[in-house]
Structure formats: structure tokens, C-alpha cells
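Summary of the model geometry
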Amino acid sequence: MYRIIREENKLSGRIVYIIEKRKVWLWMESWTRDLGLDITVTGPIGAPTLDGAKYKLKLIKDNDGRMTHSEVV
């Protein structure tokens, strides 16, 4: 399960939408920004618009976190 968080920097007025993933262990639940993708990403995955974050979330869900595809040619 994923969710999109809206973060606003009060000093700069910048709004960013960040994708988080739900983690469950026994009875505890938490949210993490480490989405477990097969690519190396520095910082959280997000976008400056809600539509952009929804698009990235759709890509992550459709590909089950495998963002790269390789084949022998």
C-alpha cells in the first residue's frame, strides 16, 4: 500500500508531493520513503504536482517496483 504526502516548506513556499510505502511488522505499522525499487535514488520519490506524483505511483505499481528492463538483443 502506498500513499502520497504533501509537504510544504514554509520558508520558501515550495510544495512537494512525496510517495511513501506502508510497512507492517506484527502489530506495528509505519510508513517509509524507501520504496524498495531496483534503481538507486538519492532522496525521496516525488513530484512538484499531485498529477506528477500520481503518474509516478502508477508506474511503480504497474511494474511492481522494477523500474529497469533489460533484454538480450
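See above for the structure.
Report follows, based on the coordinates. (Residues numbered from 1 in each chain as written. Predicted model: local features only at pLDDT ≥ 70, side-chain atom pairs only at ≥ 80, totals over all residues. Heavy atoms only, no water.)

A word on the nonpolar core
As a reminder, the rule being used: Take the buried Ala, Val, Leu, Ile, Met, Phe, Trp, Tyr and Cys residues and link them wherever side-chain atoms come within 4.5 Å; each set so joined is a nonpolar core. Relative accessibility under 20% of the residue-type maximum defines a buried residue, over 50% an exposed one, and the middle range a partly exposed one, all with a 1.4 Å probe and only protein chains included. Here, residues are in contact when the closest pair of their heavy atoms is within 4.5 Å.
I19, L35, L37, I45, L57 and I60 form the largest nonpolar core, which has six residues in total. Those residues in contact with L57, other than ones at most four positions away along the chain, are Y2, I4 and I19.

What to know about the pattern of salt bridges
Note the threshold: In the sections that follow, a salt bridge refers to a side-chain nitrogen of Lys or Arg positioned within 4 Å of a carboxyl oxygen of Asp or Glu. Helical segments are the DSSP runs of H or I of at least four residues, strand segments are the runs of E of at least two, and each set is numbered from the N terminus.
In total, this model carries seven salt bridges according to the counting rule given. The salt bridge involving E20 is made with R33; its shortest N-O contact spans 3.2 Å. A residue pair is termed long-range when its members are at least 10 positions apart, and E20 in strand β2 (residues 15–25) and R33 in the loop between β3 (28–32) and β4 (46–47) qualify at 13 residues. Among the ionic pairs, D62 bridges to K58, the shortest N-O distance being 2.8 Å. Taken together, the residues span about one helical turn, with D62 and K58 both in helix α1 (residues 50–62) at a distance of four residues. Residue D62 shares its accessibility class with K58, and that shared class is exposed. Because the salt bridges share partners, they merge into one network encompassing R3, E7, E20 and R33.

Details of the pairing of β2
Selection criterion: A pair of strands counts as paired when DSSP detects no fewer than two bridges linking them.
Inspection of the sheet shows strand β1 (residues 2–8) paired to β2 by seven bridges, in the antiparallel sense. Its bridge partner lying in β2, R3 is registered against E20. As judged from the two bridges shared by β2 and β4, these two strands associate in the antiparallel manner. Its bridge partner lying in β4, I18 is registered against G46. The pairing of β2 with β3 spans five bridges and is classified as antiparallel. Bridge pairing in β3 links W25 to M28. Following β2, the chain reverses through two residues before pairing antiparallel with β3; L26 in that reversal takes a positive phi of roughly 55°.

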